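# Understanding the architecture of this molecule
Listed here are the chains, written in short residue letters.
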Amino acid sequence: MSKLRVLVGVKRTLDYMLKPRINPAKTGVDLAGQKMSINPFCDIAVEEAIRIKETQKDRVEDTLVVTAGPSASEQILRQSLAKGIQRASLIDVGNKELEPLSVAKLLKATVEKEKSNLVILGKQAIDDDAHQTGGMLAAMLGWPQFTSASKVAFEGDKVVVTREIDGGAETLSSPLPAVITTDLRLNVPRFANLAKVMKARKAPLGKLTPEDLGVPIENRLQTLSVEEPVSKRQSIMVKNVDEFVKTLKELKAL
Amino acid sequence: MLFLRKEVFTQVGRFAAVNANASTKFCSLRFAHKPSFTADSYPSLQRDSRYATLNQADVDFLKSILKTEGGSIVNGLDQSTDPSDLDAFNTDWTHKYRGKTEVAIKPKTTQQVSQILKYCNSRKLAVVPQGGNTGLVGGSIPVFDEIVLNLGLMNKIHSFDELSGVLSLDAGVILENADSFLAEKDHMFPLDLGAKGSCQVGGCAATAAGGLRLLRYGSLRGTILGIEAVLPDGTILDNMVTLRKDNTGLDLKQLFIGSEGYLGIITRLTVICPRRPRSTNVAFFGVSSYENVLKAFSESKAYLTEILSAFELMDNTSQRLVDAHSSTQRPLEDEHPFYVLLETQGSNKEHDEQKLNALIEHLIEDEVITDGVIAQDESQLRVLWERREGITECLAKAGSGVYKYDVSLPLKVLYDLVNDTKQRLTDLKLLGESSDHPVIDVVGFGHMGDGNLHLNIAVRKYDKRVEKALQPWVFEWVASHRGSISAEHGLGLLKKPYIGYSKSPEMISLMKILKNVFDPNGIMLPYKYV
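Residues numbered from 1 in each chain as written. Chains lettered and ligands numbered in written order. Predicted model: local features only at pLDDT ≥ 70, side-chain atom pairs only at ≥ 80, totals over all residues. Heavy atoms only, no water.

Residue and element names in this part refer to chain A. Tallied over the entire structure, the rule returns 45 salt bridges over all chains. A salt bridge links Asp62 to Arg5; its shortest N-O distance comes to 3.8 Å. Taken together, the residues span a long stretch of sequence, with Asp62 in strand 4 (residues 60-69) and Arg5 in strand 1 (residues 4-10) at a distance of 57 residues. Classification of Asp62 as buried rests on a relative accessible area of 8%. Here the salt bridges do not stand alone but share partners, grouping Arg5, Glu61, Asp62, Arg87, Lys113 and Glu114 into one network. (Salt bridge = Lys/Arg side-chain N within 4 Å of Asp/Glu carboxyl O. Helix = DSSP H or I, 4+ residues; strand = E, 2+ residues; numbered from the N terminus. Buried < 20%, exposed > 50% of the residue type's maximum accessible area, 1.4 Å probe, protein only.)

Printed below as a string of structure tokens:
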């Protein structure tokens, strides 16, 4: 059975529980002073990689978490180290905006450099909802892809993944190498233990630039404007006609 | 982005939903099984014959009061009314008490409240004021046929001054709604508690609720700047100041705050609200002993000073209940005798994180705490709070009843009460695994930062033997340490007989004199409080 060299790609986004506000220039979401956290689907990817390491044990040769972003993204890398990922690497792009194609190219270069044979990514990021990086990466590598995974298992040299689809679940399998993107019900990410968080604060991080990987960033899209969605009207659920009449009376509609 | 939020909400957001609507959600589960009438469970309580009995003419008059401005009335005297319409008004949240009111009235204006009370006073009809009905001492529901005056329709927020932070609002505004309103304006309500999705600010004021962050934001006795109240004779007292300082005469509003409706009904309030913090951090510790919990508290104050916003204690029994009766994620793998939830709130993320990290390093290196986690994002933060706030609901699910004691004690002896209670119930053979034993378990948790312990005894069913074992024994224990037999829940019906354990006869006597001044006919909140 081949050894597993797992690569997890993660993204730092606005904390998904916060309500995003559009900046005055209407060019994007206002992130000034807002809490940034790991994209929830990426967190699930990190958790899955750690679980694979815990269950497959000796078969896992290496786990590496990588992110492309500003230096502040170090935080999500250190959190992942605290939870149990062995190595972490930051691809420093400063404040440049990254499109999914660039990220896919950076990840491809990383896969080749690190000789990874299993890539786990979140299915999409909660800021752009693009849902493209995983697919693009798999196509560029020529690898099979399992998107929106809700269960990951191993059978010999094959990886067996269940995906939730409309109308049920689909189970696919293929030999490695492969790209898996995570869906919500794959797992519940653990809390990082404090003692390990403290240790991870001092851990060494790999630091690269896009040029180091031979992938200069070229953006091909231009955001014209960002606007609030039209607000939905609130609906009130009622159980029966009596309650309906009562509610109408309370709303002074009758 | 919107689609995703809805999807994720179904898994993680339900914690927020449970948190917000704990009371209302749980109430609907409860009504499948109605408790016995209070009058039957406590035969020593007799309906006071000085009160008139409601008749159709009374109901007609009350209806006429609501005619112009609106409002609603549930008329139990009318044969076509489904009697179960009055269940919600008659039954308390702890599912222990049930009254027999025939009428529940929901006015919309202070004028209507005034007219209602004036009429009831002239007819000598007893009245019980009611807000969100989330009280834990049976104070907000009738004992017999007292008319329920529910403030739920008086729910407008009147004004907010962003410069001073003063909010002016009706008593019937739901706490969570007030806070959501303030969130939009970068402020927050200076009170937060588990029932926030259902409780009303008027009820919070009438019970002087403490909540989760009294440690940091203070008591309602300080943050309420003014009130509007209606006296039993219908007089409207307007003390709706929006001023931070007003030393002109006796501060009468303080009589109403914490009065539970004994002297009159609070209809409006002004509250001074702090800025909403930009940065909140929550840590959850596993601690090996109560002595270490005390040490952690002391060190937290030293390292965090002004950013410490909550320090909550939970014992292992409470966390086992949360595991058994909820699906809230366990933050720590191993079990520990005690757990602490610590929260910081401030305006600067980096500053707060630095202080918190320094504290944590110190607590770990000096082995004050055994283990711990820190929330990495908002959703983990809510999970940690749910481990604390979900205890109450899980206790209720454990059996079919809970005896609750909310006491203030000197910090050094706080947890001794839990140990002693467990010992006592075990010695009396009331606590055990089998169905022969009425008591399932004894749990201790609470606002340690305020010296406030919630001692809870989960039972398979309410049993007089358990009640006899606990009362007055718990109160005697508390009194022997000069503690308070009701730190924040109030007296209501449950603790009326025990006020003597925390207040002197002279003080009680003066309270009764004041009651006669405000309410000579004694129509407000009979059978309860003092």
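Moving on from the model shown.
Residues and elements named next belong to chain B. Residue placement: Ser41 occurs in helix 3 (residues 38-41). Owing to a relative accessible area of 23%, Ser41 belongs among the partly exposed residues under this scheme. Those residues in contact with Ser41 that sit more than four places away from it in its chain are Ser36 and Lys464. (Contact = heavy atoms within 4.5 Å.)

Further remarks concern the sheet that holds strand 4 (residues 147-150) of chain B. All names here are of chain B. Strand order in the open sheet formed by 4 strands is 1-2-4-3, with mixed pairing between adjacent strands. Edge positions in the open sheet fall to strand 1 (71-75) and strand 3 (127-130), since each of these has one partner strand only. Neighbour to neighbour, the strand axes of the sheet diverge by 15° on average, direction disregarded. Bridging between strand 2 (residues 103-107) and strand 4 involves 2 bridges; their strand directions are parallel. Of the residues in strand 4, the one forming a bridge with Ile105 is Leu149. Packing of helix 4 (residues 56-65) onto the sheet brings it into contact with strand 1, strand 2 and strand 4, and relative to strand 1 it is tilted by some 165°. (Pairing = 2+ DSSP bridges. Axes fitted to C-alpha atoms, helices over the stretch in contact; angles between N-to-C directions.)

In this complex, chain B contributes 31 residues to the contact, which on the side of chain A involves 32 residues. When chain B packs against chain A, the two sides together hide about 3300 Å² of surface, and 56% of this comes from carbon and sulfur. In this assembly, chain B and chain A are joined by 1 salt bridge. A salt bridge links Glu361 of chain B to Arg201 of chain A, with the nearest nitrogen and oxygen atoms 3.8 Å apart. (Buried area = accessible area lost by both parts, 1.4 Å probe.)

Those residues carrying the UniProt feature "domain: FAD-binding PCMH-type" (unreviewed entry) are residues 97-276 of chain B in this numbering. As a span, residues 97-276 of chain B carries 23% helix and 23% strand, and end to end its C-alpha atoms are 38 Å apart. (UniProt positions renumbered as here; feature names shortened; annotations may be inferred.)

All names here are of chain B. Roughly 890 Å³ of internal volume is contained in the second largest pocket. Lining the second largest pocket are 33 residues, and of these Arg221, Ile257, Gly258, Lys503 and Tyr529 sit closest to its centre. Where the lining of the second largest pocket is concerned, the elements lending two or more residues are helix 11 (253-256) and helix 20 (505-518). By residue number, the principal contributor to the lining of the second largest pocket is helix 20, which donates 4 residues. Across the lining of the second largest pocket, the residue classes break down as 16 nonpolar, 12 polar and 5 charged. (1 Å grid on protein atoms, 1.4 Å probe; cavity = no way out; pocket = protein on both sides within 12 Å on 5 of 7 lines; lining within 4 Å. Points joined across faces, edges and corners; volume = space filled by probe spheres on them. Nonpolar A, V, L, I, M, F, W, Y, C, P; charged D, E, K, R; others polar.)

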